[in-house]
Amino acid sequence: MRDLPDHGLPLVQLKEQRRDLVVALQNRNGPISGWELMQIAAVQQAITAFEEVIADLDAEADMDAAA
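The rules behind the values
- Residues numbered from 1 in each chain as written.
- Predicted model: local features only at pLDDT ≥ 70, side-chain atom pairs only at ≥ 80, totals over all residues.
- Heavy atoms only, no water.
- Core = buried A, V, L, I, M, F, W, Y, C linked by side-chain atoms within 4.5 Å.
- Buried < 20%, exposed > 50% of the residue type's maximum accessible area, 1.4 Å probe, protein only.
- Helix = DSSP H or I, 4+ residues; strand = E, 2+ residues; numbered from the N terminus.
- Contact = heavy atoms within 4.5 Å.
- Salt bridge = Lys/Arg side-chain N within 4 Å of Asp/Glu carboxyl O.
- Patch = residues over 30% accessible without salt bridge, like charges linked within 9 Å, V, L, I, M, F, W, Y side chains within 5 Å.
- Areas by Shrake-Rupley, 256 points an atom, 1.4 Å probe, with all protein chains shown as cover.
- Lys, Arg positive; Asp, Glu negative; His and termini not counted.
- Charge placed at Lys NZ, Arg CZ, Asp CG, Glu CD.

Participant: How should the nonpolar core be read in this particular structure?
Facilitator: Note that soluble globular proteins tend to have their nonpolar side chains buried in a common cluster. Counting residues in each nonpolar core, the largest one holds five residues, listed as Leu11, Leu14, Val43, Ile47 and Ile54. At three residues, helix α2 (residues 34–66) tops the list of elements feeding residues into this core.

Here it is in structure tokens:
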């Protein structure tokens, strides 16, 4: 995948937050709570939404460049 501009969106920070949450779960014993899973799911949904916005912005920029 090519490196795309982030358009000023906090995508990298969200991915780091997701990684930190997952690593914290991997480094402990015991059951994972529903709250912890919901935190990871919420961050993942935000990441997906930002990636879709970035794809739309890039598609618009490509269309403008072609015109």
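Participant: Where do I start with the environment of Glu36 in this structure?
Facilitator: In this structure, Glu36 sits in helix α2. What Glu36 contacts, discounting residues up to four positions off in sequence, is Leu25, Arg28 and Pro31.

Participant: Would you mind showing me how to read the pattern of salt bridges here?
Facilitator: Note that side chains of opposite charge can pair when their charged atoms are close. Taken as a whole and assessed by the stated rule, the structure comprises three salt bridges. Residue Arg19 is joined to Asp20 by a salt bridge in which the shortest nitrogen-to-oxygen separation is 3.3 Å. Arg19 sits in the partly exposed class, given a relative accessible area of 47%.

Participant: Got a minute to help me understand a negative patch on the surface in this structure?
Facilitator: On the surface, a cluster of negative charge is contributed by Glu52, Asp56, Glu60 and Asp64. Mapped onto the elements, Asp56 comes out in helix α2.

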